[in-house]
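# Structural overview for review
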Amino acid sequence: RRGRKPAAQIDPWYALVVETEWKLQRGFRLFEITTDVKPDTFQCKAREWYSSAELGESGLGDQKFLPNNQSAKPFSFKNKCWIPVTVSVGRKGVREYKQIVSEQDKVTEAYKVLDGQLPAFTLPEPTQPASQSPAPPAATPMREDAKNTWHAAAESTPVEKTPLERGRGRKSHTPAAVTPGQEVEEAETPEAASSRSRRGAR
């Protein structure tokens, strides 16, 4: 559509999505998130990966996933229960596949989030334009109860300013140290100057 800004491309990350209807079968879907997630609509571009029987039999926890599409499609996180997962890359012949690290543990974790036994994750912050100062990035999605932990690391203890810094750059009036044998020239007083002038006029 005219005027619509394209979604910012990012380093892809993977989300495991579960739903109540799949709970008895411990079903899930795997998505590769390829763009920023819009904070107002929860929409992004993603590519789904499916468990493939084409690569041979594989049991639970050892499933091999192939891309359902060659390109990413519109996807929304709205009203979805999900957790981020790590994938490993394998190859059979010329075909590259992905596997979920600790697959069944992650499925269990996702359903605990669905049941409210674990806090949900927050989506990563959108990428800032190059002309703006970037906000502290969320390298990976974070749980709701830990989403502000980076603030503590970002805050630094104020450093006590020196007298010169507090004076906004004013020069110090502290006399310089005198080395042994060095005489300090004292300023001539007005009386001494007047007396010297009278003596010279004689």
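Our structure is the block above this text.
Note that the structure is a prediction, hence the values are computed from the model and not measured.

A few words now on the pairing of strand E8 (residues 95–100). As paired elements, strand E7 (residues 87–92) and E8 share six bridges and run antiparallel to each other. If you follow arginine 91 over to E8, its bridge partner there is glutamate 96. Where E7 hands over to E8, the hairpin turn is made up of two residues, of which glycine 93 adopts a positive phi near 70°.

Right, let's get into the pattern of salt bridges. Within the structure shown, the criterion is met by six salt bridges. We note a salt bridge from lysine 23 to aspartate 115, for which the minimum N-O separation is 2.7 Å. In this pair, lysine 23 is assigned in the loop between strand E1 (9–18) and strand E2 (29–35) and aspartate 115 in the loop between helix H1 (103–114) and strand E9 (121–122), connecting sequence segments 92 residues apart. Overall, lysine 23 belongs to the partly exposed group, its relative accessible area being 36%. The exposure class assigned to aspartate 115 is partly exposed, which follows from its relative accessible area of 38%. Between glutamate 54 and arginine 95 there is a salt bridge whose closest N-O contact spans 2.7 Å. Note that glutamate 54 is positioned in the loop between strand E3 (43–51) and strand E4 (65–67) and arginine 95 in strand E8, a separation of 41 residues in sequence. The exposure class assigned to arginine 95 is partly exposed, which follows from its relative accessible area of 37%.

This part takes up the environment of serine 58. Relative to the elements of secondary structure, serine 58 occurs in the loop between E3 and E4. For serine 58, a relative accessible area of 23% corresponds to the partly exposed category. If we skip the residues at most four places from it in the chain, serine 58 touches Gln63 and Lys64.

Below, the discussion takes up the packing of aromatic side chains. According to the stated counting rule, one finds seven aromatic pairs in the structure shown. Taking 5.6 Å as the distance between ring centres and 50° as the angle between the ring planes, the aromatic pair formed by tryptophan 13 and tryptophan 82 counts as tilted. Within this pair, whereas tryptophan 13 is found in strand E1, its partner tryptophan 82 is found in strand E6 (residues 81–85), the two being separated by 69 residues in sequence. For tryptophan 13, a relative accessible area of 12% puts it in the buried group. On the numbers, 5.1 Å between centres and 85° between planes, the contact of phenylalanine 75 with phenylalanine 77 is edge-to-face. Judged on exposure class, the residue phenylalanine 75 and its partner phenylalanine 77 are both buried. Ring pairing ties together the aromatic residues Trp13, Phe31, Phe75, Phe77, Trp82 and Phe121, which thus form one cluster.

Parameters and conventions
Chains are numbered independently. Their residues run from 1 in the order of the written sequence. Predicted model: local features are reported for residues with pLDDT of at least 70 only, side-chain atom pairs are reported and counted for 80 or more only, and whole-chain, interface and lining totals are derived from all residues. Processing note: side-chain calculations cover all non-hydrogen atoms of the structure and skip hydrogens and water entirely. Following DSSP output, two strands are said to pair if at least two bridges run between them. Strands are runs of DSSP state E lasting at least 2 residues, helices are runs of H or I lasting at least 4, and numbering of each runs from the N terminus. Throughout this description, the term salt bridge denotes a Lys or Arg side-chain nitrogen within 4 Å of a carboxyl oxygen of Asp or Glu. Only protein chains enter the area calculation, which uses a 1.4 Å probe; residues under 20% of their type maximum are buried, those over 50% are exposed, and those in between are partly exposed. The criterion used for residue contact is that any of the two residues' heavy atoms lie within 4.5 Å. Under the pairing criterion, centres of Phe, Tyr and Trp rings, with the six-membered ring standing for Trp, must be within 6.5 Å; the plane angle then separates stacked pairs below 30 degrees from edge-to-face pairs above 60, leaving the rest tilted.

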